[in-house]
Amino acid sequence: MDLWDLAKKERDAAQRSGTSSSAEDRTLVVAGAKSSGKSTLISRLIDSSSVKATVALEYTFARRNRSTGVGKDVAHIWELGGGTELATLIEMPITATSVKTLSVAIVVNLAEPETIWTTVDKLVLRARKRIDKVFGDLKAKGSKLPAYLEKKALSKYASDSPDLKMISPFPVPLVIFGAHYDQYQDFDSEKRKIITRALRFLAHYYGATLLYVSDKDDGLMNKARNLLASMAFKIPVNFRSAHFDHDKAVLIQAGVDTLVSIGTPPQAQTSGARTPLDMWKAAFTSVFPQTSTATKAAVSAVVEGEFQEPAVDDARDRKMDELERQRRRDRSRSHK
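What you see is a predicted model; the values in this text were computed from it and never measured.

Chemist: Residues and numbers for helix α6 (residues 189-206), please.
Modeler: When the terminal C-alpha atoms of α6 are compared, their 26 Å separation across 18 residues agrees well with the 26 Å that a helix rising 1.5 Å per residue should span. Where burial is concerned, most of α6 is hidden: 14 out of the 18 residues are buried. Positive backbone phi, approximately 70 degrees, marks Gly 207, located one or two places after α6.

Chemist: Summarise the pairing of strand β6 (residues 209-212); cite the residues concerned and give the values.
Modeler: The side chains of a regular strand alternate, residue by residue, between the two faces of the sheet. Both faces of β6 are covered, namely the face carrying Thr 209 and Leu 211 and the face carrying Leu 210 and Tyr 212. Relative to β6, strand β5 (residues 174-179) runs parallel, the two being bridged by four bridges. For Ile 176, the partnering residue across the bridge sits in β6 and is Leu 210. Judged from the two bridges that link them, β6 and strand β7 (residues 251-252) form a sheet pairing that is antiparallel. Pairing of Leu 210 across the sheet is with Ile 252, part of β7.

Chemist: Give me the pattern of salt bridges: which residues, what numbers.
Modeler: For side chains bearing opposite charge, pairing can occur when the charged atoms are close. Counted under the stated rule, the structure contains nine salt bridges. A salt bridge links Lys 133 to Asp 137; the nearest nitrogen and oxygen atoms lie 2.8 Å apart. You can see Lys 133 and its partner Asp 137 sitting in helix α3 (residues 116-140), four residues apart, about one turn around the helix. On the basis of relative accessibility, which here comes to 46%, the residue Lys 133 falls in the partly exposed class. Three or more residues are tied together by salt bridges with common partners; here these are Asp 182, Asp 215 and Lys 216.

Chemist: Go over the packing of aromatic side chains with me, naming the residues and quoting the values.
Modeler: Under the defined criterion, the tally for this structure stands at nine aromatic pairs. Ring centres 5.0 Å apart and planes at 55 degrees place the aromatic pair Tyr 59 and Trp 78 in the tilted group. Remark: Trp 78 occurs in strand β3 (residues 72-80) and Tyr 59 occurs in strand β2 (residues 57-65); sequence separation between them is 19 residues. Per residue, the accessibility class of Tyr 59 equals that of Trp 78, and both read buried. In textbook terms, an aromatic cluster arises when at least three aromatic residues are bridged by ring pairs, as seen for Phe 201, Tyr 205, Tyr 206 and Trp 280.

Conventions and cut-offs
Residues numbered from 1 in each chain as written. Predicted model: local features only at pLDDT ≥ 70, side-chain atom pairs only at ≥ 80, totals over all residues. Heavy atoms only, no water. Helix = DSSP H or I, 4+ residues; strand = E, 2+ residues; numbered from the N terminus. Expected span 1.5 Å × (residues − 1). Buried < 20%, exposed > 50% of the residue type's maximum accessible area, 1.4 Å probe, protein only. Pairing = 2+ DSSP bridges. Salt bridge = Lys/Arg side-chain N within 4 Å of Asp/Glu carboxyl O. Phe/Tyr/Trp six-rings, centres within 6.5 Å; stacked < 30°, edge-to-face > 60°.

Listed below in structure tokens is the structure:
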């Protein structure tokens, strides 16, 4: 079984296991650069102490008691490893079934600004391309879901905001985590300012929430966990205030920022760029030339067929079997 077949198998199994539950099942996709902290964030969400490197696309799930006291909500969590070279795999969990309750988290490494723009750009665009394809298929069938989600994405902004003509909100909930905040603090103030202003622009442009985190700061990790829980289980989260200062841990919920507040990029580096996105890309990459976020291990694993090993298939099957067994137990209890 090659990597694509394996990913499809996991996706189909996840969907089959969800057919017997209510529509509260949600899908969370977490992607980002190598060693950016994706697995650590997920482990906080599912209360696991086990953190291991992710090579390609991995699946797990989390369960939560419903507020009604009957049954459990399930979050299907997909983690994409290997940097941006395996960005095409982000398409696999995005289907006509999952898109209604889909959320995406992109994790960038603040300590490696030379990978930040490429990470956000490639992963967001690849996910959006897939969502657009799913929306097109749904619209062809007369579904009103795409229009609803697109309208909801715009609702984060004020209806009279002048920014609406210059941004392109992501059609499902999106969060950008800036990981390794502790190492970011070692940069000089000017570098921190450029990194933060660029990330603020990207988050505002795509309608994302932006949060800086560090696994050495429990307060920040708790905020990250709450944010992930809101995506995975639709738990309301409302942070008391936004933090825009590049010398502190940034926290800006989607729709709160403005282009005026972010400011314009340095003009000297934006010659020839016409749109705000192109201008910021030119300015940021002139200061921090971008490099690939791929991992040699991830790419070689795909080429050499590492994912054909039965042990890998068995591990995925066991995870899906575990979910199905728990669901059967829940149904049995509810009928007693």
